[in-house]
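# Notes for the structure review
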Amino acid sequence: MKNTCLLSEDSKTYLCCFYQILDEMIQSMTTAGLTQSISHNFIVQMIPHRRAAIQMSQNILRFHPSQPVQRFAQRVIDQQTREIAQMEAALPAGSQLANPTADLRLCQRRMDLIYREMYAKMGSAPENNARAAVFLQQMIPHHQGAVRMAENALKYDVCTELVPLLRAIAVRQRQDIAQMRSLLRASRCQG
């Protein structure tokens, strides 16, 4: 009997690990303990998002992609690790700032819409043996989600410790998205 599977064993392993990370991220973000503080809620939902980016980047590094993708993935790991530490440091102050109920509802409603769209796009990226390209197509909506989440939080009263981090997230993630699109175009031109 002829094997008709088009995915290599490495691609299957990569994808299985990616989907496990994605499922864990979704579970952690949707079950985070929310309070009356938009600052707190952003942080406790964004930390699992950041941890997932680290794990997804470590996952692609296991499969020796192109040097530019390796450098990009390592930069994601380093950057997201720093941002998690910054968010953890801001959490005590953020937890003390209570927001009006209407603000909480509006902010969280928008966050939920952002999450759903991000999860769907990440989960529907192509599945093929071009793992570096697949990784980039999975990470672009991940980063787009971070930009939108940060911009959404900035519409409301958040703790002063969080404001510069939210602005930096939006700027850096946009830069990363541009770089990923460039890497993706380059990978398509090569093969």
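Residues numbered from 1 in each chain as written. Predicted model: local features only at pLDDT ≥ 70, side-chain atom pairs only at ≥ 80, totals over all residues. Heavy atoms only, no water.

## Side note on the pattern of salt bridges
When the charged atoms of two side chains with opposite charge come close together, those side chains can pair. Counted according to the given criterion, the structure contains 8 salt bridges. Note that Arg50 and Glu83 form a salt bridge whose closest N and O atoms lie 2.7 Å from each other. Pair noted here: Arg50 is in helix H2 (residues 38-61) and Glu83 is in helix H3 (residues 67-96), with a separation of 33 residues, a long-range link. A residue is classified by how much of its surface remains accessible, and Arg50, at 0% relative accessible area, is buried. The residue Glu88 makes a salt bridge to Arg51 at a minimum N-O spacing of 3.4 Å. Of the two residues, Glu88 is situated in helix H3 and Arg51 in helix H2; the sequence distance between them amounts to 37 residues. Of the residues examined, Arg51 reaches a relative accessible area of 43% and is grouped as partly exposed. (Salt bridge = Lys/Arg side-chain N within 4 Å of Asp/Glu carboxyl O. Helix = DSSP H or I, 4+ residues; strand = E, 2+ residues; numbered from the N terminus. Buried < 20%, exposed > 50% of the residue type's maximum accessible area, 1.4 Å probe, protein only.)

## Things to note about H2
Between its terminal C-alpha atoms H2 stretches 34 Å, which fits the 34 Å expected from 24 residues at 1.5 Å a residue. Capping of H2 at its N-terminal end is provided by Ser37; its side-chain oxygen lies 3.3 Å from the backbone amide nitrogen of Ser39. (Expected span 1.5 Å × (residues − 1). Polar contact = N/O pair within 3.5 Å; in protein donor to acceptor, adjacent residues only side chain to side chain.)

## Remarks on H3
The first and last C-alpha atoms of H3 sit 44 Å apart over 30 residues, in line with the 44 Å expected at 1.5 Å per residue. At Ala90, H3 shows its maximal bend, which comes to roughly 45 degrees, and the proline Pro92 appears one to four places after that position. (Bend = angle between axes of the 7 residues up to and from the residue.)

## Observations concerning the packing of H2 against helix H4 (residues 101-123)
Packed helices, taken two at a time, are described by the angle between their axes plus the distance between the axes. Running from amino to carboxyl end, H2 crosses H4 at an angle of 15 degrees, the nearest separation of the two axes being 11 Å. In terms of orientation, H2 and H4 fall into the roughly parallel class. Crossing handedness for the pair H2 and H4: left-handed. Together, Ile38, Asn41, Phe42, Gln45, His49 and Met56 of H2 and Asp103, Leu104, Cys107, Gln108, Met111, Tyr115, Met118 and Met122 of H4 make up the contact between the two elements. (Axes fitted to C-alpha atoms, helices over the stretch in contact; angles between N-to-C directions. Parallel < 35°, antiparallel > 145°, perpendicular 65-115°, else oblique. Left-handed = near helix turned anticlockwise from the far one by under 90°. Contact = heavy atoms within 4.5 Å.)

## Focus on the confidence of the model for the chain
Of all residues in the chain, 94% attain a pLDDT of 70 or more, and the chain-wide mean is 93. Averaged pLDDT values for the elements of the chain fall to 90 in helix H6 (residues 163-190) and rise to 97 in H2. (pLDDT = per-residue confidence, 0-100.)

## Brief notes about the nonpolar core
Phe42, Met56, Phe135 and Met149 are the most contacted members of the largest nonpolar core, which totals 58 residues. When residues of this core are traced back to their parent elements, those giving at least two are helix H1 (9-30), H2, H3, H4, helix H5 (131-153) and H6. Broken down by element, this core gets its largest block of residues, 12 residues, from H5. Ignoring any residue separated from it by four or fewer positions in sequence, one finds Met56 in contact with Phe18, Ile21, Leu22, Met122, Phe135 and Met139. (Core = buried A, V, L, I, M, F, W, Y, C linked by side-chain atoms within 4.5 Å.)

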